Amino acid sequence: MEIKRFIEGILEANCYIIRDAKADSDCFIIDPGYSPKKIIKYIKSENLNPLGIVLTHHHYDHSGAAEKVAKELDLQIMIHSQDADQFPAAERLLQDGDVLALGKDKLVVFHTPGHTRGGICLFSKRSSICFTGDTVFNVDLGRTDLEDGSEEEMKASIRNVVDKWGNEVTIYPGHGDPASMKYVRKNNQEFIDIMQDI
């Protein structure tokens, strides 16, 4: 899988444009929070064919540019159903277990509430990568003290979903740099604390 990362805004949020390296120009746009003109310019300059915009959750730093990009490129915006009330512009409501096809690759939707009620991760078994939004970062976890966050739900998401991923899986988070799950298990103290508290 080819991954283009844009780091934008005061919160340095990650927007990803992903495509199957061995397939055609089809791609997905994940979490366009800022700089819609830059995203649109890249899509057009690379002659890409975006299949849609996927939001890992509703917060503005991950969704702020979505409507402008969608309008310019005539795209559908996708978000988990439990975040839909916070982002009514979404046309497709995702559920746990949904699959998004990208060439020979497949992105499986994992519902990982905690940061928001409808937070998701997008997992590719074929590429051993996962786009984790603000669920898990390289050295910490997403905040749970915002309006629809939940510390208990975050703990459940870490134990029941994230910890099931093998050490070889690389996470691409909503902020910060990618990291292997091996690195997360060794260096992410919030993750370690949750797993030791079982």
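Summary of the structure given here. (Residues numbered from 1 in each chain as written. Predicted model: local features only at pLDDT ≥ 70, side-chain atom pairs only at ≥ 80, totals over all residues. Heavy atoms only, no water.)

**Notes on the pattern of salt bridges**
Condition: Salt bridges are defined as contacts in which a side-chain nitrogen from Lys or Arg sits within 4 Å of a carboxyl oxygen from Asp or Glu. A run of H or I in DSSP becomes a helix once it reaches four residues, and a run of E becomes a strand once it reaches two; helices and strands are each numbered from the N terminus. Burial classification: accessible surface area is computed with a 1.4 Å probe over protein chains only, and a residue below 20% of its type maximum counts as buried, one above 50% as exposed, and the rest as partly exposed.
In the structure shown here, the tally under the stated rule is 13 salt bridges. One salt bridge connects Lys-44 with Glu-72, and the closest N-O pair in it is separated by 2.9 Å. A residue pair is termed long-range when its members are at least 10 positions apart, and Lys-44 in helix α1 (residues 36–45) and Glu-72 in helix α3 (residues 66–73) qualify at 28 residues. Note on Lys-44: relative accessible area 47%, which makes it partly exposed. Put simply, Arg-185 and Asp-163 hold a salt bridge, and the shortest N to O gap is 3.3 Å. Of this pair, Arg-185 sits in helix α5 (residues 181–187) while Asp-163 sits in the loop between α4 (151–160) and β11 (170–173), placing them 22 residues apart in sequence. Overlapping salt bridges bring together Glu-2, Arg-19 and Glu-46 as one network.

**A short note on the environment of Arg-185**
Quick note on the threshold: In what follows, a contact means two residues having at least one pair of non-hydrogen atoms within 4.5 Å. Here a polar contact is recorded for every N or O atom pair within 3.5 Å, except that within protein the pair must consist of a potential hydrogen donor and a potential acceptor, and residues adjacent in sequence are included only if both atoms are side-chain atoms.
According to the relative accessible area criterion, Arg-185 is partly exposed, its value standing at 26%. Residues Arg-185 and Leu-146, 39 residues apart in the sequence, show an inter-C-alpha distance of 25 Å. When residues no more than four places from it in sequence are discounted, the contact partners of Arg-185 are Val-162, Asp-163, Lys-164, Trp-165, Gly-166, Asn-167, Phe-191 and Ile-192. A distance of 2.8 Å separates a polar side-chain atom of Arg-185 from the backbone oxygen of Asp-163.

**Looking at helix α6 (residues 189–196)**
Helical periodicity: at 3.6 residues per turn, an α-helix aligns residues three or four positions apart in one direction. Applied cut-off: Comment: arc refers to directions from the helix axis out to C-beta atoms.
Among the residues making up α6, those that are buried are Phe-191, Ile-192 and Ile-194. The buried residues of α6 all sit within an arc of 165 degrees when viewed along its axis, so they share a single face. Check the buried side of α6 and you find it contacts α4 and α5.

**Quick word on the sheet that holds strand β1 (residues 2–8)**
Counted only if it meets this: Paired strands are those between which DSSP finds at least two bridges. Whenever a helix is involved, its axis is fitted only over the stretch in contact; in every case the axis is a line through C-alpha atoms, and angles between N-to-C directions fall within 0 to 180 degrees.
Sheet architecture is open: 6 strands sit in the order β1-β2-β3-β4-β5-β6, paired in mixed fashion. In this open sheet, the two edge strands, each paired with only one partner strand, are β1 and β6 (92–94). Neighbouring strand axes in the sheet, compared pairwise and without regard to direction, differ in orientation by 25 degrees on average. In this sheet, strand β3 (residues 26–30) lies alongside strand β2 (residues 13–19) in antiparallel orientation, the contact comprising 3 bridges.

**Some details on the packing of aromatic side chains**
Note the following rule: Stacked, edge-to-face and tilted labels apply to pairs of Phe, Tyr and Trp rings (six-membered ring for Trp) whose centres lie within 6.5 Å, assigned for plane angles under 30 degrees, over 60, and everything in between, in that order.
Under the criterion given, the structure shown has 8 aromatic pairs. With centroids separated by 6.3 Å and ring planes inclined at 85 degrees, the aromatic side chains of Tyr-34 and Tyr-60 adopt a geometry described as edge-to-face. Here the residue Tyr-34 occupies a position in the loop between β3 and α1, and Tyr-60 occupies one in helix α2 (residues 60–63), the gap between them amounting to 26 residues. By the ring-pair criterion, three or more aromatic residues cluster together here, those being Tyr-16, Phe-131 and Tyr-172.

**Describing unusual backbone geometry**
Note: most residues except glycine have negative phi, and most peptide bonds are trans. The backbone phi angle of Asp-74 is positive, close to 55 degrees, even though this residue is not glycine. Assignment of secondary structure puts Asp-74 in the loop between α3 and β5 (77–80). Of note in the backbone geometry, Ser-128 takes a positive phi value of approximately 55 degrees without being a glycine. Mapped onto the elements of the fold, Ser-128 is located in the loop between β9 (120–124) and β10 (129–133). Given a relative accessible area of 23%, Ser-128 falls into the partly exposed group.

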